[in-house]
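# Observations on the three-dimensional arrangement
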Amino acid sequence: MSERAALLGHINEKAVVHGRVTLSSGKEADYYIDLRRVTLSGVSAPLVGREMLAATRDLEFDAVGGLTLGADPVATAMLHAAAAEGGSLDAFVVRKAEKVHGLQRRIEGPDVAGRRVLVVEDTSTTGGSALTAVEALRAAGAEVVAVAVLVDRGARPHVEAEGLAYRALYDHTELAI
């Protein structure tokens, strides 16, 4: 079985939850995809990192991250997968709002100014979280090369309308919903 197929199996077994829910976008759905059950699993996370790197191999970037919390484990998995391949990839975290204490940074981790970055997310319906991260990164002086997600629930047209390349490992139609 391919790693892509194995990861899809993990998503279907661990992350797809049936029942009426309200998504962060405000939309209602008959199922929820709790990808943290996959991205924070010691068995699944390495697959996430390797498959996300494979899906974005044609892009040039040296840092990866997005809006906390959905992006954090995806970026970390990619960081570790790149290191396992002998490469180097930095990760960053975009806060929903600037801190009011300490260094008062909105983007945590290595500085992104002047760097080519990839925005990641676990799943996206409207692209809102990813585009919030894109706005913060551009304000910090980063060059955003693309947005990449594990599961697309409909965000592609919204992200592409902003002139960004978009990658998704899976479309929601591939899930056992």
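Attention in this report is confined to the structure presented alongside it. Every value quoted in this text rests on a predicted model; they were computed, and no experiment measured them.

Moving on, we get to the sheet that holds strand β3 (residues 63-67). With mixed pairing, six strands are arranged side by side in an open sheet as β5-β4-β3-β6-β7-β8. Both edges of this open sheet fall to β5 (107-108) and β8 (165-171), since each of them pairs with a single strand only. Here six bridges tie strand β7 (residues 143-152) to β8, and the two strands are oriented parallel to one another. Along β8, the bridge assignment pairs A148 with R167. Contacts from helix α5 (residues 128-139) reach β3, β4 (90-94), β5, β6 (116-124) and β7, with the element oriented near 160° to β6.

Another point: the packing of helix α1 (residues 3-15) against helix α3 (residues 45-55). Relative orientation of the contacting elements α1 and α3 amounts to 130°, with a least axis distance of 10 Å. As far as their axial angle goes, α3 and α1 are oblique. In the crossing of α1 with α3, the sense of the turn from one axis to the other is left-handed. From α1, E3, R4, A6, L7 and H10 reach across to α3, where they touch L47, V48, R50 and E51.

Their axes nearest at 7 Å, the elements α3 and helix α4 (residues 72-84) cross at an angle of 75°. Here α3 lies roughly perpendicular to α4, going by the angle between them. On α4, the residues that touch A45, V48, G49, R50, M52 and L53 of α3 are V74, A77, M78, A81 and A82. Here the contact of α3 with α4 is composed, by residue class, of nine nonpolar, one polar and one charged.

Of the pockets and cavities examined, the largest pocket occupies roughly 450 Å³. If you list the elements that add at least two residues to the lining of the largest pocket, you get β2 (28-33), β6 and α5. The element best represented in the lining of the largest pocket is β6, accounting for four residues. Of the residues that constitute the lining of the largest pocket, the class distribution is five nonpolar, eleven polar and five charged.

By the secondary structure assignment, V43 is in the loop between α2 (36-39) and α3. Between the alpha carbons of V43 and H10 there is a distance of 9.0 Å; along the sequence they are 33 residues apart. Look past the residues within four positions of V43 in its chain and what remains in contact with it is H10 and K14.

Residues in a regular strand point their side chains to alternate faces of the sheet. In terms of strand pairing, strand β1 (residues 16-22) meets β2 through five bridges, oriented antiparallel. Bridge assignment links V17 to a residue of β2, and that residue is Y32. Hairpin remark: β1 followed by β2, antiparallel, with five residues in the connecting loop; positive phi at G26, about 95°.

This part takes up the nonpolar core. Core analysis: the largest hydrophobic core is formed by 36 residues, its most contacted members being L7, I11, M52, M78, L118, V120 and L150. Elements supplying a minimum of two residues to this core: α1, β2, α3, α4, β6, β7 and β8. If one sorts the elements of this core by residue count, α4 sits on top with six residues. Each residue touching L118, except ones within four places of it in the same chain, is listed here: T56, L59, F61, A63, V64, G65, M78, F92, V145, A146, V147 and A148. Among the nonpolar cores identified, the runner-up in size contains 21 residues, and L67, I107, V117 and V144 belong to it.

Extensive coverage of β6 is indicated by the burial of eight of its nine residues. In this sheet, β6 lies alongside β3 in parallel orientation, the contact comprising three bridges. The partner of V64 across the bridge, within β6, is L118.

The rules we used
- Residues numbered from 1 in each chain as written.
- Predicted model: local features only at pLDDT ≥ 70, side-chain atom pairs only at ≥ 80, totals over all residues.
- Heavy atoms only, no water.
- Pairing = 2+ DSSP bridges.
- Helix = DSSP H or I, 4+ residues; strand = E, 2+ residues; numbered from the N terminus.
- Contact = heavy atoms within 4.5 Å.
- Axes fitted to C-alpha atoms, helices over the stretch in contact; angles between N-to-C directions.
- Parallel < 35°, antiparallel > 145°, perpendicular 65-115°, else oblique.
- Left-handed = near helix turned anticlockwise from the far one by under 90°.
- Nonpolar A, V, L, I, M, F, W, Y, C, P; charged D, E, K, R; others polar.
- 1 Å grid on protein atoms, 1.4 Å probe; cavity = no way out; pocket = protein on both sides within 12 Å on 5 of 7 lines; lining within 4 Å.
- Points joined across faces, edges and corners; volume = space filled by probe spheres on them.
- Core = buried A, V, L, I, M, F, W, Y, C linked by side-chain atoms within 4.5 Å.
- Buried < 20%, exposed > 50% of the residue type's maximum accessible area, 1.4 Å probe, protein only.

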